[in-house]
Amino acid sequence: MNTVFNFLENKLMPPLNKLANLRVIQAIMQAGVVTVPFTIVGSIFLIINNLPQIIPPLAPFFEQTVLKLSPLYSVVTTMSIDSIAIFYALATAFYLTESYRQDTAKQMSSFVGAILGLFAFLLTIVQVDIQNGQAQLLQNNAEESIIYNGVALDSWVTRFSGVGIFIGILTAILAVQIYRLCIVKNITIRMPEGVPDGVSKAFASLIPAIFIAFTMVIINGILAFFHTDLHAILTQPFEFVKGLTGSWLGIVVIMLLIHLLWVVGVHGTAIIKNSFINPILLVALTENINGANNIFAGDFVNMYIFLGGAGSTLGLVLLMVFNAKSDQLKVLGKAAILPGLFNINEPVIFGAPIVYNPYLMIPFILTPIINVTISYFAASVGLVNKIISGIPWISPVGMGAFLGTGGDFRGVLIAFINLAVSILIYYPFFKMYDNKLYAQQQK
């Protein structure tokens, strides 16, 4: 056990901590948090569209009433989930600029940085091809792929949706670096004192905007010469990564990394899931909405795996409340049950504790892997609907699965099966630890 802890502390933690503390990674994490409300709001109206499937006996009533207004309220989904890349580009640029502004470049404006980041992203949307020295906008009227004046369309601008998230992040970072360089090198237009702040900021962004425009035009031009663009180039490696995260083994590896970090006191969820996995899950969710069948999508983790938080600790908390003999675990269980119902489990992780605790770290790591296995194969054989809606991560057990699958009660059943399994896995380890604490208490 000491060897395991030493490996985690000395080999795994240092590089991951450095990575998690990078300015760019912090900005992406914060951007992910900001976009969550938009996915939830958009999903509410998706659920309305799925009411006939959720409550089949009332399907005729819904079709004659609320669904007649679908073109009206579906605009919310279009401008939230189907436009999520815009929010990512804005938020990433904002938080990255804010980080630089607070640290080394106080003359930078976070608002200007956000606008420049969005500007750079928008410059990647139109598809251009160069043949025989002539640039032309792509056109395609095929039923499965519509491109009008260089803009790919389905029900909305395709590249505004989840497929554009990673390009939005990359172009936002590039734009902020150009903006920062202009400020640091004093390549900007300074207005005299007395000029309104808004006017000053507008002119201060002029030179960076020109540099960003020329940079993106050059990049797009070079790629157009080779009959491709940024989005097309990213497709292949992204599909490879997405394929790994969409497999059972890939999800198991992700869960293993998250929980190995947690048991040594590092916020594995923030480092692994929030930084790198959430954008992939969001892309998969938007694809599911448009007809795909990705298993690992949306909030799959909180729906089926993180029941009570990382490590599926709600089962452990229930054991503490109803089965603990030691006062320490009994009191902790009563204190942790309410936050645990809403997937907040820091009181248990640091209060039991699970961190550096050889009694509880094994079930803490093992339980999510078993839950992944049950949920993944249940979805893969069609025992539960695919995930088509975003949910709040604090959704209690079953509620998140019900909403995320568009009202499939089988998702609720799988969530509660996973909860029961977590209780069974934790039980022998919990009893050993509880007996040890009770013996100490008796002494």
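Residues numbered from 1 in each chain as written. Predicted model: local features only at pLDDT ≥ 70, side-chain atom pairs only at ≥ 80, totals over all residues. Heavy atoms only, no water.

As annotated in an unreviewed UniProt entry, the protein carries the name Permease IIC component and is attributed to Tetragenococcus koreensis. A UniProt comment under Function (unreviewed entry) is attached to the protein, and it reads "The phosphoenolpyruvate-dependent sugar phosphotransferase system (PTS), a major carbohydrate active -transport system, catalyzes the phosphorylation of incoming sugar substrates concomitant with their translocation across the cell membrane." (UniProt positions renumbered as here; feature names shortened; annotations may be inferred.)

Visitor: In this structure, what is going on with the pattern of salt bridges? I would like to understand it.
Guide: Using the criterion set out here, one finds four salt bridges in the structure. With a shortest N-O distance of 2.9 Å, D103 and R23 are connected by a salt bridge. One end of the pair, D103, is in helix α6 (residues 84-103); the other, R23, is in helix α2 (residues 23-49), and 80 residues separate them in sequence. Take R23: its relative accessible area is 26%, and that puts it in the partly exposed class. One salt bridge connects E98 with R101, and the closest N-O pair in it is separated by 2.8 Å. Here the residue E98 and the residue R101 both occupy positions in helix α6, the gap between them amounting to three residues, near one helical turn. R101 gets classed as partly exposed once you look at its relative accessible area, which sits at 29%. (Salt bridge = Lys/Arg side-chain N within 4 Å of Asp/Glu carboxyl O. Helix = DSSP H or I, 4+ residues; strand = E, 2+ residues; numbered from the N terminus. Buried < 20%, exposed > 50% of the residue type's maximum accessible area, 1.4 Å probe, protein only.)

Visitor: Got a minute to help me understand the sheet that holds strand β3 (residues 140-142) in this structure?
Guide: Two pairing modes exist for strands in a sheet, parallel and antiparallel, and in both the strands are linked by backbone hydrogen bonds. Strand order in the open sheet formed by three strands is β3-β4-β5, with antiparallel pairing between adjacent strands. Every other strand in the sheet has two partners, leaving β3 and β5 (151-153) as the edge strands with one partner each. Going from strand to strand, the sheet's axes swing by 30 degrees on average, the running direction of each strand aside. In the sheet, β3 pairs with strand β4 (residues 145-148) via three bridges, with the strands oriented antiparallel. For A142, the partnering residue across the bridge sits in β4 and is S145. (Pairing = 2+ DSSP bridges. Axes fitted to C-alpha atoms, helices over the stretch in contact; angles between N-to-C directions.)

Visitor: What's the story with empty space enclosed by the protein in this structure? I'm lost.
Guide: To locate leftover empty space, one rolls a probe as large as a water molecule over the atoms. Following the criterion strictly, the structure yields three cavities of 30 Å³ or more and no others. In this structure, the largest cavity spans a volume of roughly 60 Å³. What lines the largest cavity is simply L123, T124, V126, Q127, V128, N220, A224, T228, D229 and L230. Tallied by class, the residues present in the lining of the largest cavity amount to five nonpolar, four polar and one charged. (1 Å grid on protein atoms, 1.4 Å probe; cavity = no way out; pocket = protein on both sides within 12 Å on 5 of 7 lines; lining within 4 Å. Points joined across faces, edges and corners; volume = space filled by probe spheres on them. Nonpolar A, V, L, I, M, F, W, Y, C, P; charged D, E, K, R; others polar.)

Visitor: Is there a simple way to think about the nonpolar core in this case?
Guide: Nonpolar side chains tend to gather and get buried jointly when the protein is soluble and globular. In this structure, F121 and M255 are the most contacted members of the largest nonpolar core, which totals 98 residues. The greatest single-element share of this core, amounting to 11 residues, is contributed by helix α8 (residues 165-184). Ignoring anything within four residues of it in the chain, the contact list for F121 reads A85, I86, A89, R159, F160, G164, I167, G168, T171 and H231. (Core = buried A, V, L, I, M, F, W, Y, C linked by side-chain atoms within 4.5 Å. Contact = heavy atoms within 4.5 Å.)

Visitor: Can you help me understand the pairing of strand β2 (residues 134-137) in this one?
Guide: In summary, the side chains of a regular strand alternate between the two faces of the sheet. Where strand β1 (residues 128-131) and β2 come together, four bridges link them in antiparallel fashion. What sits directly across from V128, in β2, is L137. Between β1 and β2, which pair antiparallel in sequence order, lie two residues; one of them, N132, sits at a positive phi of approximately 55 degrees.

Visitor: Even after reading the chapter, I still don't get the packing of aromatic side chains, so can you show me in this structure?
Guide: Centre distance and the angle of the planes are the two values used to describe a pair of aromatic rings. With the rule as written, the count across this model stands at 12 aromatic pairs. A centroid spacing of 4.2 Å and a plane angle of 10 degrees characterise the contact between F38 and F87, whose relative ring orientation is stacked. Placement of the pair is F38 in helix α2 and F87 in helix α6, with a sequence separation of 49 residues. For F38, a relative accessible area of 33% gives the class partly exposed. Aromatic ring contacts, followed pair by pair, group W248, Y376 and F377 into a single cluster. (Phe/Tyr/Trp six-rings, centres within 6.5 Å; stacked < 30°, edge-to-face > 60°.)

Visitor: Could you clarify how one ought to interpret the side chain of H231 in this entry?
Guide: By secondary structure assignment, the location of H231 is in helix α11 (residues 230-245). Here the side chain of H231 touches T124 through a polar contact of 3.0 Å, side chain to side chain. Dropping the residues within four chain positions of it, H231 is found in contact with F121, T124, I125, R159, V163, G164 and I167. (Polar contact = N/O pair within 3.5 Å; in protein donor to acceptor, adjacent residues only side chain to side chain.)

Visitor: What am I meant to see in the layout of surface pockets here?
Guide: Of the pockets and cavities examined, the largest pocket occupies roughly 670 Å³. What lines the largest pocket is a set of 31 residues, among which K273, N274, N278, N302 and W393 lie closest to the centre. Elements with a minimum of two residues in the lining of the largest pocket: α2 and α13 (268-289). Among the elements that take part in the lining of the largest pocket, α13 stands out by supplying eight residues, more than any other. Of the residues assigned to the lining of the largest pocket, the class counts are 15 nonpolar, 13 polar and three charged.

Visitor: Looking at this structure, how should I read the environment of V263?
Guide: Inspection of the secondary structure puts V263 in the loop between α12 (248-262) and α13. C-alpha of V263 to C-alpha of F364: the two residues are 101 residues apart in sequence and 8.2 Å apart in space.

Visitor: What's the story with helix α10 (residues 206-225) in this structure? I'm lost.
Guide: Each α-helix turn comprises 3.6 residues. Residues three or four places apart therefore point the same way. For α10, spanning 20 residues, the distance from its first C-alpha to its last is 28 Å, which sits close to the expected 28 Å at 1.5 Å a residue. Listed in full, the buried residues belonging to α10 are P208, I212, M216, L223 and A224. Within α10, the buried residues cover an arc of 125 degrees as seen down the axis, which keeps them to one side. Residues of α10 that are exposed and point over 90 degrees away from its buried face: F214, V217, I218 and F225. Just downstream of α10, H227 is the residue with a positive phi angle, here 60 degrees. (Expected span 1.5 Å × (residues − 1). Arc of directions from axis to C-beta.)

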